Amino acid sequence: MNQNNKFIMAVSLLIILFGFIPDTWSQERAEDWFMKGNELRRQGLFDQAIDAYKKSIEDNPNATVAYFNLALVYKNLNRLGEAASAFERAVELEPGNMDARYGLGNVYNHLERWEEAIAQLNIVVHRRRNDAEAHGNLGWAYYNIKIEPPFKLLVIVNLRRAVDLFESKNQLEAAEATRKILNEAMVRYGYQVKIPHD
């Protein structure tokens, strides 16, 4: 092999190596920052966790789980607009992620963005039929949306389903809280029958 071919081969090898190494380093840094964010979140150091998750996202902007965890931290801090943005990005990256859709629907409920909450939560309850929290959140969104005529049947069906699921999971406080909203909805919509406690 002549000197020219050796030089071309060496340069090609360097280009290949350095073309892949920075990406690998970036992925490793992203994972390190993500793990640090998880540890900080467990310790209740939410502001530092936000910084760690953001650094993870800088190194790997397509990591759904980093956006998801960032959203959870924002939600813990009651920074709901930022939580919604992070959940929206997680759903955009991974539309089939029902946990991200549920989180987004729940945050939309807190923000009183009822139509958007309904859109997300409908997807969740159709894919995870036994998700009590999703049914309860969906019933709450239908109950609060100000569209005429009201979604009477959907409110009742989803709240009743949530009560049943909470009870089947022995989550009695959640069942009772949901039952109170269900009874209120039944009275509001002219149903005289209150759902008794089982």
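Here, every reference points to the structure presented above.
Everything numeric in this text was worked out from a predicted model, so none of it was measured.

Of the volumes computed, that of the largest pocket is approximately 170 Å³. If you go around the largest pocket, the residues you meet are Asn106, Asn109, His110, Ala132, Glu133, Gly136, Asn137, Trp140, Leu159, Phe166, Thr178 and Ile181. Elements represented by at least two residues in the lining of the largest pocket include exactly helix H5 (98-110), helix H7 (132-144), helix H8 (152-168) and helix H9 (172-188). If one sorts the elements of the lining of the largest pocket by residue count, H7 sits on top with 5 residues. Along the lines of polarity and charge, the residues of the lining of the largest pocket split into 5 nonpolar, 6 polar and 1 charged.

A word on the environment of arginine 29. With respect to the secondary-structure elements, arginine 29 resides in helix H1 (residues 3-42). The sequence separation of arginine 29 and glutamate 58 amounts to 29 residues, and the corresponding C-alpha distance is 9.7 Å. A polar contact is formed between the side chain of arginine 29 and the side chain of aspartate 59, at a distance of 3.2 Å.

This part takes up the nonpolar core. Grouped burial of nonpolar side chains is what soluble globular proteins tend to show. Formed by 47 residues in total, the largest nonpolar core has its most connected members in Leu70, Val155 and Ala185. The contact partners of leucine 70, leaving out residues within four places of it in the chain, are Ile50, Tyr53, Lys54, Ile57 and Ala86. Residues Ala132, Leu165, Phe166 and Ala175 belong to the second largest nonpolar core, which totals 5 residues.

In this section: the environment of glutamate 88. With respect to the helices and strands, the residue glutamate 88 is situated in helix H4 (residues 80-93). Between the C-alpha atom of glutamate 88 and that of alanine 71, which follows or precedes it by 17 residues, the distance is 9.1 Å. Apart from residues lying up to four places away in sequence, glutamate 88 is in contact with Leu104, Tyr108 and Arg113. Of note is the side chain of glutamate 88, whose polar atom sits 2.5 Å from the side chain of tyrosine 108.

By the definition in use, this model includes 12 salt bridges. For the salt bridge of arginine 42 with glutamate 39, the shortest nitrogen-to-oxygen distance reads 3.3 Å. With a gap of 3 residues between them, arginine 42 and glutamate 39 both fall in helix H1, about one helical turn apart. With a relative accessible area of 59%, arginine 42 lands in the exposed category. For glutamate 39, a relative accessible area of 36% gives the class partly exposed. One salt bridge in this structure joins arginine 128 and aspartate 131, with 2.7 Å as the shortest N-O distance. Assessed through its relative accessible area of 10%, aspartate 131 is described here as buried. Look at the salt bridges and you will find they share partners, linking Asp47, Arg79 and Glu82 into a network.

A few words now on unusual backbone geometry. Positioned with a positive phi, asparagine 78 is a non-glycine residue whose angle comes to about 60°. Along the chain, asparagine 78 turns up in the loop between helix H3 (64-76) and H4. Phi at asparagine 170 takes a positive value of approximately 60°, unusual for a residue other than glycine. Mapping asparagine 170 onto the fold places it in the loop between H8 and H9.

Taking 1.5 Å of rise per residue, the 14 residues of H4 would be expected to cover 20 Å, and the 20 Å separating its terminal C-alpha atoms lies within 8% of that figure. Buried within H4 we find Leu80, Ala83, Ala84, Ala86, Phe87, Ala90 and Val91. Relative to the axis of H4, the buried residues are bounded by an arc of 170° and lie together on one face. Buried residues along H4 sit in contact with H3, H5 and helix H6 (114-127).

About the criteria used
- Residues numbered from 1 in each chain as written.
- Predicted model: local features only at pLDDT ≥ 70, side-chain atom pairs only at ≥ 80, totals over all residues.
- Heavy atoms only, no water.
- 1 Å grid on protein atoms, 1.4 Å probe; cavity = no way out; pocket = protein on both sides within 12 Å on 5 of 7 lines; lining within 4 Å.
- Points joined across faces, edges and corners; volume = space filled by probe spheres on them.
- Helix = DSSP H or I, 4+ residues; strand = E, 2+ residues; numbered from the N terminus.
- Nonpolar A, V, L, I, M, F, W, Y, C, P; charged D, E, K, R; others polar.
- Polar contact = N/O pair within 3.5 Å; in protein donor to acceptor, adjacent residues only side chain to side chain.
- Core = buried A, V, L, I, M, F, W, Y, C linked by side-chain atoms within 4.5 Å.
- Buried < 20%, exposed > 50% of the residue type's maximum accessible area, 1.4 Å probe, protein only.
- Contact = heavy atoms within 4.5 Å.
- Salt bridge = Lys/Arg side-chain N within 4 Å of Asp/Glu carboxyl O.
- Expected span 1.5 Å × (residues − 1).
- Arc of directions from axis to C-beta.

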